Amino acid sequence: MSVFVDRNTRVVVQGITGKQGSFHAGEMLAFGTNIVAGTSPTKAGTKFNDKVPVVSSLREAMQYEPNATMISVAAPYVKDAAFEAIDAGIKLLYILTEHVPFHDSMDIYHNAKRKGIVMLGPNGPGITGVASQCKIGIMPGKIFRKGNVAVASRSGTLTYEIVDAVTKSGRGESTVIGLGGDPVVGLNYIDVLQQFEKDPETEQIVLVGEIGGSNEELAAAYIKKHVKKKVVAYITGRSAPPGKRMGHAGAIIEKGVGTAESKIKAFNEAGVKVADYPINVPDLLE
Amino acid sequence: MSVFVDRNTRVVVQGITGKQGSFHAGEMLAFGTNIVAGTSPTKAGTKFNDKVPVVSSLREAMQYEPNATMISVAAPYVKDAAFEAIDAGIKLLYILTEHVPFHDSMDIYHNAKRKGIVMLGPNGPGITGVASQCKIGIMPGKIFRKGNVAVASRSGTLTYEIVDAVTKSGRGESTVIGLGGDPVVGLNYIDVLQQFEKDPETEQIVLVGEIGGSNEELAAAYIKKHVKKKVVAYITGRSAPPGKRMGHAGAIIEKGVGTAESKIKAFNEAGVKVADYPINVPDLLE
Amino acid sequence: MNLYEYMGKDVFRKHGIPVPDGYVVEQESDIRPFQKPVVIKSQILLGGRGKSGGIKFAKSEQELKDGVKQLLGSKIRDLAVTKVLVEEMLDIKKEMYVSIALDRTSKSPILICSAEGGVEIESVDHDKIFTRIIDPLLGYSQFIGRDAVNFMKLDPEIGKQFISILAKLYEIFNQEDCELVEINPLMIVGNGKLVAADSKMVIDSDSLFRHREFEVIDPEKTPLELEANSKGYSFIELDGNIGVIANGAGLTMATLDALTLHKGKPRNFLDLGGTDNSETVAASFEFIMKAKPKSILVNIFGGITKCDTVANGIAMAKTRFDIRQPIVVRLSGIRDEEGRKILKDAGIDSFPSMMEAVERVVKITGGN
Amino acid sequence: MNLYEYMGKDVFRKHGIPVPDGYVVEQESDIRPFQKPVVIKSQILLGGRGKSGGIKFAKSEQELKDGVKQLLGSKIRDLAVTKVLVEEMLDIKKEMYVSIALDRTSKSPILICSAEGGVEIESVDHDKIFTRIIDPLLGYSQFIGRDAVNFMKLDPEIGKQFISILAKLYEIFNQEDCELVEINPLMIVGNGKLVAADSKMVIDSDSLFRHREFEVIDPEKTPLELEANSKGYSFIELDGNIGVIANGAGLTMATLDALTLHKGKPRNFLDLGGTDNSETVAASFEFIMKAKPKSILVNIFGGITKCDTVANGIAMAKTRFDIRQPIVVRLSGIRDEEGRKILKDAGIDSFPSMMEAVERVVKITGGN
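About the cut-offs
Residues numbered from 1 in each chain as written. Chains lettered and ligands numbered in written order. Predicted model: local features only at pLDDT ≥ 70, side-chain atom pairs only at ≥ 80, totals over all residues. Heavy atoms only, no water. Helix = DSSP H or I, 4+ residues; strand = E, 2+ residues; numbered from the N terminus. Rg over C-alpha atoms; globule rule 2.2 N^0.38 Å. Buried < 20%, exposed > 50% of the residue type's maximum accessible area, 1.4 Å probe, protein only. Areas by Shrake-Rupley, 256 points an atom, 1.4 Å probe, with all protein chains shown as cover. Lys, Arg positive; Asp, Glu negative; His and termini not counted. Charge placed at Lys NZ, Arg CZ, Asp CG, Glu CD. Pairing = 2+ DSSP bridges. Axes fitted to C-alpha atoms, helices over the stretch in contact; angles between N-to-C directions. Contact = heavy atoms within 4.5 Å. Buried area = accessible area lost by both parts, 1.4 Å probe. Salt bridge = Lys/Arg side-chain N within 4 Å of Asp/Glu carboxyl O. Domains from an automatic or database assignment. pLDDT = per-residue confidence, 0-100. Parallel < 35°, antiparallel > 145°, perpendicular 65-115°, else oblique. Nonpolar A, V, L, I, M, F, W, Y, C, P; charged D, E, K, R; others polar. Phe/Tyr/Trp six-rings, centres within 6.5 Å; stacked < 30°, edge-to-face > 60°. Lys NZ or Arg CZ within 6 Å of the ring centre and 35° of its normal. Right-handed = clockwise from strand over helix to strand, strands pointing away. Left-handed = near helix turned anticlockwise from the far one by under 90°. Expected span 1.5 Å × (residues − 1).

1. Notes on the overall build of chain A
So, step 1. On a plain count of helices and strands, chain A comes out with nine helices and 14 strands.
So, step 2. For chain A, whose C-alpha radius of gyration is 18 Å, the value lies close to the compact-globule estimate of 19 Å for 286 residues.
So, step 3. Principal-axis analysis of the C-alpha atoms gives chain A an extent of 55 × 40 × 30 Å.
So, step 4. Per-residue burial over chain A gives 65% buried out of 286 residues.

Take a look at the structure:
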């Protein structure tokens, strides 16, 4: 089984009738994800894709016994939706939405943590458990093949790029996790490394990092101490000028902290090879 | 070993040089409690009873590796002191102080809970682990004798009365816990019943209740389902007029809820005998 | 501590919950010129004021003056009316109920609401009442309001106002240290707006150090109770003839219970609390003496309150108040032997056992 | 988003943190009558304004007028001064440092303070800096302030003021959605009072929907960047010659990195974000065209953004902006085959592989 999600994962989509929500819920169903319900303030009582019951609130959706949620509501309402999920006892919380104020993310994270809830995002592509056919999020389903490579990334499209390259190299993936591009996201590399290290399905690990913060450096130190499995990496933002936010709110070099050089150096020192181009990542794998 | 406390319990007293704090810290030392440090905003650098180092803050006291605290500061400062203890990683929090606003207690309780911290009080006599010679609180040490009777109570002096009667009947105690007389306290009967039930030292249990709220009724339901050990009870406030707070902020019959009759009935239905007078409690024990 | 309706409404106004236009009248000169029909409401802490004649309606200047005159200074079920609230008459379309209170078991706020209000919530059908425990670390969030509105089947415009009121009510519950904040009825008036037609607020009296504005005299207390409370004693008058002093609320209650079971009749509840000061003990007898009991029972189990301290206090009181009634004392716990010696020297009987002391005082007092 | 000093000080004032008396001058007529010595501070977002001549002192009416005249309209290290802050001159006894920022790793606020301020905190000895992660569910509580005061060895009266300022700073950090709120220097002035002599506040730009008052023009951005941002594009100008459009910040950065490693020179960063609208794609070319690149690389991996949507957008743009420069497109992911067909029909080359596309565009563009 994959990490964080498996065949028993029952997903509710908060905001299933919105533009994003409905498109990705459809893709998730096509991938095999068990979506048990969706919420919509205006379309309660209908069925999504002639199949998934749509109700007006998460409380009502609890009758379908979801244990995971995908939140796809506008940024100002994300905190309320997340608190609703935390209060209802959901166990995995994935926030698709971009531009969530990080103070809201901070409140969500600490409340999720105290309840033992796994939080993914905001502003990440979600999680794909390849073997368990459970995708929560927006990764394009057709790039995956079942295999032993686990991937964790702060970026969305770049993850697809690398997963695609891994698949095309003849390998396959176990679990692929997008951490999210915001300064505050639910999972750090270390949280997922812990899971990957003990996951029997995973034999090799790819970390995709970018400029900003020091989570890659912390991950490198953790790998040195605790990770026996092979880890390779790719870091983006080598050519980014300091002081500029490169699209992601989290991707900024401030006062010399968060450079690609520092991250690449930390990984190299931990024995983690870093690819020059996304497409070279598979060359570093076994 | 006793429940919640044992010979490895290392106590810090927040407010050790106050009138209450210093008197009871002295009594605790005499009982055998391992007090490793005390705090005082004004007397840092001195030794309490020529023995216990006094420092200016809990952070500083952490060098002595306490895992439990007794908070004995004025009511308006209790929340700050408790938050200090929670933040520092203390594992058992006992609040001696009376008249703490219950909104503060609510904040303390929920934050303690999320960190796995046991909270005792406010406004209770604390805990005495008889066999492990660890007393945190204000119970008079000389009333105890080592034995197999565990006691949990919402009242202070009434607890002493009953413990004294148990001891004088030739029996002894394992752990005695004062839950506290406020509407919001850290532990409910059910929390301590769980511990007593699995404590090898405890063979019989005495619950001392009073009017107000419905925790005795909930305890009775829990006993019926989960407790195999013998439980007996005493309930005070039979003669209390409705709508009056009988000294404890929590001891009030409101809209017919919280009467002694209701509690006695619930206990009787759960097979728990209820003594008419405190002194009769031992007669119900084996 | 209960707040008067007008005080609760001041709090509502401060936090942005709509209340009727109105003003408080303490004397006839406070009456403002009549403009539209008003209701005159006695400010007393009592449910069912209306049925007891505590509410008047006025459709003219004269009726307003007459109404105020009738109510001010009157007594309603023993409670003196010193203030009335004059408010615009509302055009009632519907009455609802909403409150936030402390739920002791979960140690959390609990929201209770119903589309049926204007009556005691206890009398409303259970399946028409929405209750929800609010996780205090999450606080109030809109989804709770939406769930309540769905349950109550309010129409969207009313629902929106209701949700906005809930957020403010939760803010009040926390910021004002409430045990209970209740709006009953929460009215839908003619123009479709929600208005808090009444207020009930119970404030945690332990929080008053940060809410000086709320210090009011509790009308549910007797003058002697108020006097004793103001000196820091937990004191309640009862209708028997045995004065009772004990330490700890539980033990004091147990003392009353034991007296009652022995056919004794306690005159009062007096808990010395956690004092360890002889003067505090001695001074407490002032209130016992004012209650004129036939006998006095002091029941002490020494913890914070040490027995010798109490013994000294009793001896001081005996002299100071020239107490002629028999005093029976029970001392046990920390420094009990020292205490009993002090009492013996002062010529006062004492026992180590509570039962003996209770039996003795009941016997001395005799049936009445 | 960075706030100007005067805006930060307005926030401080609102929350009760003491700031010097002062006022903002945008034109000479704003100058108030001279009363006491003042400092005139250019309102630009730049450290070390003083050294660059952005701060003047005035001891007379004339000096004040001259100083304002010199600064207003001048450029300091390329930044135009449009506002100056005129403030009372402070009697400096000591300069300290305090800030609250986001700590990404713990996802919590972090308090940083030092008894040594007035310089960049990075240049202060590590053992003179107090740092403390604040648990956001506990919030700021006085014990944190006491620990800081003990560490900094402040005298009790200063310590009391410092603790009070900390509580307000934490309130600002949360209520105003700060990434950083910094007082440097926090001054002890002649009368022993603490005063925030400067302010630095960085606001989370994603929070601006609840802080309309803070919408300012970011002077660190170029006019073209501001224009593109205002249309919702994440756009940064660089100094090369290959226009870049990609989807996703990570992929866009990786595209720049790959171009750079291949000796190509990107002209810009343009992230389409999570759009799935052809018009949005087409309109993005406006900013690429204004940047006058020699060639254009579009790099799309389809997720939210579907490949056929992008292809349609590119085709629309080619016609709308009459694009003559070579466009190299890479499409992969959701609906890539459909997308490539659309491009083929519009006469635009496309590749499934990013590397091929990068190589091609670098080759086409040639060395410069």
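What follows picks up the thread again.
2. What to know about the overall build of chain C
So, step 1. Helix and strand counts for chain C stand at 10 helices and 19 strands.
So, step 2. Taking the principal axes of the C-alpha coordinates as reference, chain C spans close to 80 × 50 × 35 Å.
So, step 3. For chain C, the proportion of its 368 residues judged to be buried stands at 59%.
So, step 4. About 15400 Å² of surface is accessible on chain C, with carbon and sulfur atoms providing 50% of the total.
So, step 5. Within chain C, one finds 48 positive and 54 negative side-chain charges whose respective centroids are separated by 2 Å.

3. Here's the deal with the sheet that holds strand β7 (residues 84–88) of chain C
Residues and elements named next belong to chain C.
So, step 1. Read across the sheet, four strands follow the order β2-β7-β3-β4 without closing on themselves; strand pairing throughout is antiparallel. A strand with exactly one partner marks an edge of an open sheet, and here the two such strands are β2 (22–25) and β4 (55–58). Put simply, the sheet's adjacent strands are angled 20° from each other on average, direction ignored.
So, step 2. Both β2 and β7 contribute to a ladder of four bridges, which runs antiparallel. Looking across to β7, one finds that Tyr23 is bridged to Val86.
So, step 3. On top of the sheet, helix α1 (residues 5–15) reaches β2, β3 (38–42) and β7; it is set at about 50° to β7, its chief contact.
So, step 4. Where helix α2 (residues 61–71) meets the sheet, its contacts fall on β2, β3, β4 and β7, and the angle it forms with β3 comes to roughly 5°.

4. Section: the interface of chain D and chain A
So, step 1. In this complex, chain D contributes 55 residues to the contact, which on the side of chain A involves 65 residues.
So, step 2. Interface area, chain D with chain A, both sides summed: about 4700 Å², of which 59% is carbon and sulfur.
So, step 3. In terms of surface lost to chain A, no three residues of chain D exceed D:Arg104, D:Lys107 and D:Phe301, which account for 17% of the buried area on that side.
So, step 4. The tally of links between chain D and chain A comes to five salt bridges.
So, step 5. A salt bridge links A:Asp104 to D:Arg210; the shortest N-O distance between them is 2.8 Å.

5. Some remarks on the domain arrangement of chain C
So, step 1. Along its sequence, chain C is organised into domain 1 (21–88), domain 2 (92–210) and domain 3 (223–365).
So, step 2. Spacing between the C-alpha centres of domain 2 of chain C and domain 3 of chain C amounts to 44 Å.

6. Side note on the sheet that holds strand β7 (residues 118–120) of chain A
All names here are of chain A.
So, step 1. With mixed pairing, the seven strands of this open sheet are ordered in space as β3-β4-β2-β1-β5-β6-β7. Each of the sheet's edge strands pairs with one partner strand only, and the pair in question is β3 (47–48) and β7.
So, step 2. As paired elements, strand β5 (residues 68–71) and strand β6 (residues 92–95) share four bridges and run parallel to each other. Among the inter-strand pairings, Ala68 is bridged to a residue of β6, identified as Leu92.
So, step 3. Contacts from helix α3 (residues 78–88) reach β1 (11–14), β5 and β6 within the one sheet, and its direction differs from that of β5 by about 175°.

7. Focus on the confidence of the model for chain C
The predicted coordinates of low-pLDDT regions are not to be read in fine detail.
So, step 1. A residue-level look at chain C finds 99% of positions with pLDDT of 70 or above and a mean pLDDT of 93.
So, step 2. Reported for the predicted complex are a pTM of 0.93 and an ipTM of 0.92.

8. Focus on the packing of helix α7 (residues 215–226) of chain A against helix α8 (residues 260–269) of chain A
Residue and element names in this part refer to chain A.
So, step 1. Relative orientation of the contacting elements α7 and α8 amounts to 5°, with a least axis distance of 8 Å. By the angle between their directions, the pair α7 and α8 is classed as roughly parallel. Listed contacts from α8 to Asn215, Glu216, Glu217, Ala220, Ile223 and Lys224 of α7 are Ser262, Lys263, Ala266, Phe267 and Glu269.
So, step 2. The residue inventory of the contact of α7 with α8, partitioned by class, reads four nonpolar, two polar and five charged.

9. Topic: the environment of B:Gly21
So, step 1. Relative to the elements of secondary structure, B:Gly21 occurs in helix α1 (residues 19–31).
So, step 2. Residues within four places of B:Gly21 in sequence aside, it is in contact with B:Gly15, B:Ile16, B:Met70 and B:Ser72.

10. Looking at the packing of aromatic side chains
So, step 1. Going through the model one piece at a time under the given rule, you end up with 14 aromatic pairs over all chains.
So, step 2. Ring plane angle 55° and centroid distance 5.5 Å describe the contact between D:Phe130 and D:Phe151, whose orientation is recorded as tilted. With D:Phe130 in strand β10 (residues 129–133) and D:Phe151 in helix α3 (residues 142–152), this residue pair connects regions lying 21 residues apart in the sequence.
So, step 3. Here the aromatic residues C:Tyr233, C:Phe235 and C:Phe287 are joined through ring pairs into a cluster of three or more.
So, step 4. When the ring centre of B:Phe23 is taken as reference, the NZ or CZ atom of C:Lys306 above it lies at 3.5 Å.

11. Digging into the side chain of A:Ser105
So, step 1. Topologically, A:Ser105 is positioned in helix α4 (residues 102–114).
So, step 2. Setting aside its immediate chain neighbours within four residues, A:Ser105 contacts A:Val100, A:Met119, A:Pro122 and A:Val184.

12. Some remarks on the pairing of strand β9 (residues 108–114) of chain D
Residue and element names in this part refer to chain D.
So, step 1. Among the seven residues of β9, six are classified as buried, and the element is accordingly described as predominantly covered.
So, step 2. Taken together, the seven bridges between strand β8 (residues 92–103) and β9 define a ladder with antiparallel strand orientation. In the sheet register, Asp103 faces β9, and the bridge partner there is Ser108.
So, step 3. A loop of four residues connects β8 with β9, the two strands running antiparallel in sequence, and Lys107 in this loop sits at a positive phi of about 55°.
So, step 4. One ladder, built from five bridges, connects β9 with β10; its direction is antiparallel. Paired with Ile110 across the two strands is Ile133, which belongs to β10.

13. Some words on the pattern of salt bridges
All names here are of chain C.
So, step 1. Considering all chains together, one arrives at 82 salt bridges over all chains under this definition.
So, step 2. Ionic pairing is found between Glu227 and Lys290, a salt bridge with its closest N-O pair at 2.6 Å. Of this pair, Glu227 sits in helix α5 (residues 223–230) while Lys290 sits in helix α7 (residues 278–290), placing them 63 residues apart in sequence.
So, step 3. For Glu227, a relative accessible area of 26% corresponds to the partly exposed category.
So, step 4. Residues joined in a network through salt bridges with shared partners are Glu5, Lys9, Lys41, Arg49, Glu87 and Asp198.

14. Here we look at unusual backbone geometry
So, step 1. With omega at 5°, the peptide bond leading from B:Gly121 into B:Pro122 counts as cis.
So, step 2. By the element assignment, B:Pro122 lies in the loop between β7 (118–120) and β8 (126–129).
So, step 3. Note the cis peptide between D:Asn184 and D:Pro185, where omega equals 5°.
So, step 4. Mapping D:Pro185 onto the fold places it in strand β11 (residues 178–189).

15. Concerning the pairing of strand β18 (residues 327–333) of chain D
Residues and elements named next belong to chain D.
So, step 1. Extensive coverage of β18 is indicated by the burial of seven of its seven residues.
So, step 2. Here strand β17 (residues 295–302) pairs with β18 via seven bridges, running parallel. Each bridged residue has a counterpart across the sheet, and for Val298 the counterpart in β18 is Val329.
So, step 3. Traced from β18 through helix α9 (residues 336–345) to strand β19 (residues 349–351), the parallel crossover comes out right-handed.

16. Remarks on the environment of C:Val24
All names here are of chain C.
So, step 1. Following the sequence through the fold, Val24 ends up in strand β2.
So, step 2. Taking the C-alpha atoms as reference points, Val24 and Ser42, separated by 18 residues in sequence, lie 9.9 Å from one another.
So, step 3. In contact with Val24, not counting residues within four places along its chain, are Tyr6, Asp30, Lys83, Val84 and Leu85.

17. Quick word on the packing of helix α6 (residues 189–198) of chain A against α7(A)
Residue and element names in this part refer to chain A.
So, step 1. Relative orientation of the contacting elements α6 and α7 amounts to 30°, with a least axis distance of 9 Å. By the criterion of interaxial angle, the relationship of α6 to α7 is roughly parallel. The handedness of the crossing between α6 and α7 is right-handed. Judged by residue contacts, Tyr189, Ile190, Leu193, Gln194 and Glu197 of α6 engage Asn215, Glu216, Leu218, Ala219, Tyr222, Ile223 and His226 from α7.

18. Overview of helix α8 (residues 307–320) of chain D
So, step 1. With 14 residues, α8(D) extends 20 Å from end C-alpha to end C-alpha; this agrees with the ideal 20 Å at 1.5 Å per step.
So, step 2. Inspection of α8(D) places D:Cys307, D:Asp308, D:Thr309, D:Val310, D:Ala311, D:Gly313, D:Ile314, D:Ala315 and D:Ala317 among the buried residues, and these make up the whole buried set.

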